[in-house]
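Given next are the chains, with one letter for each unit.
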Amino acid sequence: MTEDVTLLNGFPFIPYRMRPISPDEMSRLAEELLKTFRTRRSVREFSREPVDRAVIMNCLEAASTAPSGANKQPYTFCLVSDPHLKKQIREAAEKEEYESYTKRMSDEWLDDIRPLQTDWHKPFLETAPYLIVVFKKAFDFTGKAKKNNYYVTESVGLACGFLLAALHQVGLAALTHTPSPMNFLSSILQRPENERPFLLIPVGYAAPDALVPDIKRKEIRDLVVEY
Ligand code: IYR
């Protein structure tokens, strides 16, 4: 039981206590955090080395603490490690990606991603030990009643952001992959009607010889406007 419960119009509230951190310690933590985040990259070449399932579950739980509209947490994280399912997902994704790269993507789009040197081949969907397939839920079923969710895209996006940050902090590599269209994920994973695929995140260790494009981030002064 939580102590210190106060009722506001009959609804339970508890005190919010901040972790006491001195200004010096805060500066140090902020610099450390930036250093850590600067080393996060999208990885497309994974090692087959297994990852402790408990670590992934912890990161998923951390992701689930992200704020969401009316605290509805409108998402399902499907954690896929079964090689047979990963193979099915790879084959279906490559089929869509082949169509995209050869017919659907505009010249401008293809030009924009050329520095990444990606193509329709997606071996990482089999080599990464885990695929986290995130589904967003426009609504929920409670018994027979349909219950609305709010700010669904924002909520699931925030949870995915938390997840990527968590995975990086524990030393794992990940990729935000969006084969398009990705309805094949609903049928392969047999998801219910209220769920739509949002993001496919392969997770694991980077292959020892993995390369990533030498991209540059924008200068922070070009991203922030102070008032
Ligand atoms: N979905 C494709 C293409 C692609 C699109 C964007 I925007 C990227 O930043 C990277 C790739 C693929 O995953 O290859």
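Refer to the structure above for everything that follows.
Not measured: the values here are computed from a predicted model.

Concerning the sheet that holds strand β4 (residues 130-137)
Thinking step 1. A sheet is described by the order of its strands in space; here four strands give the open sequence β3-β4-β8-β7, paired in antiparallel fashion. Looking at which strands have only one partner, the edges of the open sheet turn out to be β3 (75-80) and β7 (173-174).
Thinking step 2. Bridge analysis of β3 against β4 gives six bridges, and the strand direction is antiparallel. From the neighbouring strand, L79 faces β4, where its bridge partner is I132.
Thinking step 3. Sheet strands in contact with helix α3 (residues 83-104) are β3, β4 and β8 (195-204), and its direction is about 110° off that of β3.

Structural notes on the packing of aromatic side chains
Thinking step 1. Applying the stated rule across the entire model yields three aromatic pairs.
Thinking step 2. The interplanar angle of 35° and the centroid separation of 5.0 Å between the aromatic rings of Y75 and F77 together place this pair among those described as tilted.
Thinking step 3. Measuring from centroid to centroid gives 5.3 Å for Y98 and W120, while their planes differ by 90°, and the two rings are edge-to-face. Of this pair, Y98 sits in helix α3 while W120 sits in the loop between α4 (107-113) and α5 (124-127), and the two are 22 residues apart along the sequence.
Thinking step 4. Directly above the aromatic system of F139 lies the positively charged group of K146, at a separation of 4.4 Å from the ring centroid.
Thinking step 5. Directly above the ring of F135 sits R191, whose terminal nitrogen or CZ lies 5.9 Å from the centroid.

Some thoughts on the site of the ligand
Thinking step 1. By nearness alone, every residue bordering the ligand is listed as R44, E97, Y101, M105, W109, I113, L116, T118, K122, H177 and T178.
Thinking step 2. Taking Y101, its side chain carries an N or O atom lying 2.5 Å from an oxygen atom of the ligand.
Thinking step 3. K122 places a polar side-chain atom, nitrogen or oxygen, 2.5 Å from an oxygen atom of the ligand.
Thinking step 4. Expressed as a share of its isolated accessible area of 370 Å², the protein-covered part of the ligand is 71%.
Thinking step 5. Contributing elements (two or more residues each) for the shell around the ligand: α3 and α4.
Thinking step 6. Looking at the shell around the ligand, its residues break down into five nonpolar, three polar and three charged.

Side note on the nonpolar core
Generally speaking, nonpolar side chains in soluble globular proteins are found buried as a group.
Thinking step 1. Of all hydrophobic cores here, the largest spans 23 residues; its most connected members are I56, I132, V134, I201 and V203.
Thinking step 2. Of all the secondary structure elements, the ones that give two or more residues to this core are α2 (53-63), β3, β4, α6 (152-169) and β8.
Thinking step 3. Element by element, the count of residues in this core is highest for α6, at seven residues.
Thinking step 4. With sequence-adjacent residues up to four places away left out, I201 is seen in contact with Y130, L131, I132, V134, L163, L164, A174 and L175.
Thinking step 5. By size, the runner-up hydrophobic cluster in this structure holds 21 residues, among which are V80, A93, V133 and I188.

Structural notes on the side chain of K86
Thinking step 1. By the element assignment, K86 lies in helix α3.
Thinking step 2. With no salt bridge to any partner, buried K86 finds its closest opposite charge in E126, at an N-O distance of 7.5 Å.
Thinking step 3. Discounting chain neighbours no more than four positions away, the residues touching K86 are V80, S81, L125, E126, A128, P129 and L131.

Brief notes about the environment of T39
Thinking step 1. Note on placement: T39 falls in the loop between α1 (23-38) and α2.
Thinking step 2. Its relative accessible area of 54% is what places T39 among the exposed residues.
Thinking step 3. Sequence spacing of T39 and H168 is 129 residues, and the spatial spacing of their C-alpha atoms is 8.7 Å.

Quick word on the pairing of β8
Thinking step 1. Along β8, eight of the 10 residues are buried, which leaves the element largely enclosed by surrounding structure.
Thinking step 2. Sheet analysis places β4 next to β8, joined by eight bridges and oriented antiparallel. What sits directly across from Y130, in β8, is V203.
Thinking step 3. Here two bridges tie β7 to β8, and the two strands are oriented antiparallel to one another. Bridge pairing links A174 to V203 in β8.

Observations regarding the packing of α1 against α6
Thinking step 1. Between α1 and α6, the shortest axis-to-axis distance is 10 Å and the interhelical angle comes to 95°. By the angle between their axes, α1 is roughly perpendicular relative to α6. Residues L33, T36 and F37 of α1 lie in contact with α6, whose contacting residues are A165, H168 and Q169.
Thinking step 2. Of the residues in the contact of α1 with α6, the class split is three nonpolar, three polar and no charged.

Procedures and definitions
Residues numbered from 1 in each chain as written. Predicted model: local features only at pLDDT ≥ 70, side-chain atom pairs only at ≥ 80, totals over all residues. Heavy atoms only, no water. Pairing = 2+ DSSP bridges. Helix = DSSP H or I, 4+ residues; strand = E, 2+ residues; numbered from the N terminus. Contact = heavy atoms within 4.5 Å. Axes fitted to C-alpha atoms, helices over the stretch in contact; angles between N-to-C directions. Phe/Tyr/Trp six-rings, centres within 6.5 Å; stacked < 30°, edge-to-face > 60°. Lys NZ or Arg CZ within 6 Å of the ring centre and 35° of its normal. Near = heavy atom within 4 Å. Polar contact = N/O pair within 3.5 Å; in protein donor to acceptor, adjacent residues only side chain to side chain. Areas by Shrake-Rupley, 256 points an atom, 1.4 Å probe, with all protein chains shown as cover. Nonpolar A, V, L, I, M, F, W, Y, C, P; charged D, E, K, R; others polar. Core = buried A, V, L, I, M, F, W, Y, C linked by side-chain atoms within 4.5 Å. Buried < 20%, exposed > 50% of the residue type's maximum accessible area, 1.4 Å probe, protein only. Lys, Arg positive; Asp, Glu negative; His and termini not counted. Salt bridge = Lys/Arg side-chain N within 4 Å of Asp/Glu carboxyl O. Parallel < 35°, antiparallel > 145°, perpendicular 65-115°, else oblique.

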